[in-house]
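Per-entry structural report
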Amino acid sequence: MNIILALIIFSVIILFHELGHFLLAKFNDVKVNEFCLGLGPTLVGFTKGETKYSLKLLPFGGACMMEGEDEESVDARSFNSKSVPQRISIVAAGPVFNFIMAFVFSLIIVGSVGFDRPVLKDVMDGYPAKEAGIQAGDEIVKLGSKRIHLYREVSVYTYFHEGEPVEVTYKRDGKQYKAVLTPKYNEESGSYLMGFYGSSARTKGTLLETLQYSVYEVKYWITSTVESLGQLVKGRISVNEMSGPVGIVKVIGDSYTQSKPDGAFMVFLNMLNMCILLSANLGVMNLLPIPALDGGRLVFLIVEAVRGKRLDPNKEGALNFVFLVALMALMVVIMFNDIRKIVM
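Think of each chain on its own: its residues are numbered from 1, step by step along the sequence as written. Two thresholds apply to this predicted model, a pLDDT of at least 70 for residue-level local features and 80 or more for giving and counting side-chain atom pairs, whereas whole-chain, interface and lining totals are computed over all residues. With hydrogens and water stripped out, all remaining heavy atoms of the structure feed into the side-chain values.

Describing the overall build of the protein chain
Helices and strands together make up the secondary structure of the protein chain, namely nine helices and 10 strands. On the principal axes, the C-alpha backbone points of the protein chain span a range of 70 × 50 × 45 Å. Contacts are assigned to residue pairs that have any heavy atoms within 4.5 Å of one another. For the protein chain, contacts bridging at least 24 residues in sequence account for 65% of all contacts bridging at least 6. For the area figures, the Shrake-Rupley method with a 1.4 Å probe applies, and any residue is considered shielded solely by the protein chains shown. Of the roughly 18400 Å² that the protein chain leaves accessible, carbon and sulfur atoms contribute 63%. Helix and strand assignments follow DSSP, with helices taken as H or I runs no shorter than four residues and strands as E runs no shorter than two, numbered in order from the N terminus.

Right, dumping it as structure tokens:
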């Protein structure tokens, strides 16, 4: 069941990503030769109009194969015959559609169960928060320069800024107050704590608040992904802590098992939450300025716009190939680590 759920989730996210490329290609009158889900040999497929729609053997990835995208073509409707802004819109549409999907699913979750306001449930004796006069019922507004909308953002901030002093802006009875807190190490949890914690209860709001907090939900996952990548670059997070398809399948399975006793609707909401997480991650990762990813292609297009002419297609293709091989090697390492963690 875990694998089936994971395949469904992966397929929905990838299809929506490739649908972004597909729709913008059609909008800009680019010929799409094939639209597929999966990689490798074709299992089933059919042709409608000029496009072949197919399902491939390997259930990972997908593609929107456009005329002249990776090869020379004299067709007037080829990808490279279009203007730079048109090609940028087509390339960027994949990640943008991932963010749109994350927002739509967030709407369903926030509309159904509400959002986690950053209101404190209690403060702990002997910790900086209580010593600074912070009380239960106070609402966290900012941590440093970071605006806080969800309590989970507090947890993420303290994780990525472990042990660092921070100016906490909080609200009480409509007035704002500030206090500088230096987290205190807690031996039992093995982490630094400011000494307050929020409630697990969720707040259901008006239609406008539902829309607003759905945006905050997507923003939370995007910023968490970006900050995680920053920690990876700084060496504070190792490659061994990253998860690939095998690890994600396990997380999906654990989420399904934990929510199953609460009924089908909670299973559905938890699976939607996984879709939001993975879709936001895919959108961010694809926008990284690395050849072989959408972000790398956008960099090439921006350089072309500045230079007034396209980069050498052979050099561009070679760069894409080298980085694709490197990304595949990284995926193998991550997958090996996932399997090792599960076995151990």
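Still more ground to cover, so stick around.
Observations regarding the sheet that holds strand 5 (residues 146–147)
Read from one edge to the other, the open sheet built from four strands follows the order 5-4-6-7, with strand pairing classed as antiparallel. Sheet topology places strand 5 and strand 7 (175–181) at the edges, where each strand pairs with a single neighbour. Pairing between two strands requires that DSSP report at least two bridges joining them. Bridge analysis of strand 4 (residues 139–143) against strand 6 (residues 166–172) gives four bridges, and the strand direction is antiparallel. Its bridge partner being in strand 6, Ile140 is matched across the sheet by Tyr170.

Considering the packing of helix 2 (residues 84–113) against helix 5 (residues 207–234)
A fitted line through C-alpha atoms represents every axis, and for helices the fit uses only the stretch in contact; the resulting angles, taken between N-to-C directions, go from 0 to 180 degrees. Packing of helix 2 against helix 5 leaves a shortest axis separation of 8 Å and a crossing angle of 125°. Classified by the interaxial angle, the pair formed by helix 2 and helix 5 is oblique. Classified by chirality, the crossing of helix 5 by helix 2 is right-handed. Residues Phe99, Ala102, Phe103, Ser106, Leu107, Val110 and Gly111 of helix 2 lie in contact with helix 5, whose contacting residues are Thr210, Leu211, Tyr213, Ser214, Val215, Glu217, Val218 and Ile222. In terms of residue class, the contact of helix 2 with helix 5 is built from 10 nonpolar, four polar and one charged. Orientation categories follow fixed angle ranges, with anything under 35 degrees roughly parallel, anything over 145 roughly antiparallel, 65 to 115 roughly perpendicular, and all other angles oblique. Should the near helix be turned anticlockwise from the far one by less than a right angle, the crossing is left-handed, and should it be turned clockwise, the crossing is right-handed. When residues are grouped by polarity, Ala, Val, Leu, Ile, Met, Phe, Trp, Tyr, Cys and Pro land in nonpolar, Asp, Glu, Lys and Arg in charged, and all others, Gly among them, in polar.

Notes on the pairing of strand 4
Only protein chains enter the accessibility calculation, which uses a 1.4 Å probe. A residue is then buried if its area is under 20% of the maximum for its type, exposed if over 50%, and partly exposed in between. Of all the five residues making up strand 4, four are buried; the element is thus mostly covered by neighbouring parts of the structure. Bridge analysis of strand 4 against strand 5 gives two bridges, and the strand direction is antiparallel. Bridging across to strand 5, Leu143 finds its partner in Lys146. In sequence, strand 4 turns back onto strand 5 through a hairpin of two residues, with Gly144 there showing a positive phi of about 65°.

What about helix 2?
Between its first and last C-alpha atoms helix 2 spans 43 Å; for 30 residues at 1.5 Å apiece the expected length is 44 Å, and the two agree. Just downstream of helix 2 lies Gly114, where phi reads positive at about 90°. The span one expects for a helix is its residue count, reduced by one, times 1.5 Å.

Observations concerning the nonpolar core
In terms of nonpolar packing, the biggest core is built from 31 residues, with Ile9, Ile252 and Met271 touching the most fellow members. For this core, the secondary structure elements donating two or more residues are helix 1 (2–27), helix 2, helix 4 (151–160), helix 5, helix 6 (245–259) and helix 7 (264–286). Among the elements that make up this core, the one with the highest residue count is helix 7 (nine residues). As used in this record, nonpolar core signifies buried Ala, Val, Leu, Ile, Met, Phe, Trp, Tyr and Cys residues forming a set joined through side-chain atoms within 4.5 Å. Membership of the second largest hydrophobic core comes to 17 residues, among which are Ile148, Tyr151, Val166 and Tyr170.

Some remarks on a nonpolar patch on the surface
Each patch is built from salt-bridge-free residues with over 30% relative accessible area, joining like charges within 9 Å and nonpolar side chains (Val, Leu, Ile, Met, Phe, Trp, Tyr) within 5 Å. A side-chain nitrogen of Lys or Arg and a carboxyl oxygen of Asp or Glu constitute a salt bridge if their distance falls within 4 Å. Where nonpolar side chains cluster on the molecular surface, the patch consists of Leu39, Leu43, Val44, Leu55, Leu57 and Leu58 and spans about 530 Å² of accessible area. Mapped onto the nonpolar patch, the elements with two or more residues apiece are strand 1 (32–48) and strand 2 (51–66). Its location among the elements puts Val44 in strand 1.

A few points about the packing of aromatic side chains
Here a pair means two rings of Phe, Tyr or Trp (six-membered ring of Trp) with centres within 6.5 Å. Their orientation is stacked below 30 degrees between planes, edge-to-face above 60, and tilted elsewhere. Under the definition given, this model contains 12 aromatic pairs. One aromatic cluster is present, formed by Phe22, Phe35, Phe46 and Tyr53 through successive ring pairs. Lying across the ring of Tyr177, Arg172 places its NZ or CZ 5.6 Å from the centre. Over the aromatic face of Tyr127 sits the side chain of Lys184, whose NZ or CZ is 5.1 Å from the ring centroid. In this scheme, the term charge over a ring applies when either NZ of a lysine or CZ of an arginine sits within 6 Å of the ring centre and within 35 degrees of the ring normal.

Description of the packing of helix 4 against helix 5
Two elements in contact, helix 4 and helix 5, have axes whose closest approach is 11 Å; the angle formed by their N-to-C orientations is 5°. Classed by the angle they form, the pair helix 4 and helix 5 counts as roughly parallel. Here Arg152, Glu153, Val156 and Phe160 of helix 4 lie close against helix 5, whose contacting residues are Glu217, Lys219, Tyr220, Trp221, Ser224, Glu227, Ser228 and Gln231. Along the lines of polarity and charge, the residues of the contact of helix 4 with helix 5 split into four nonpolar, three polar and five charged.

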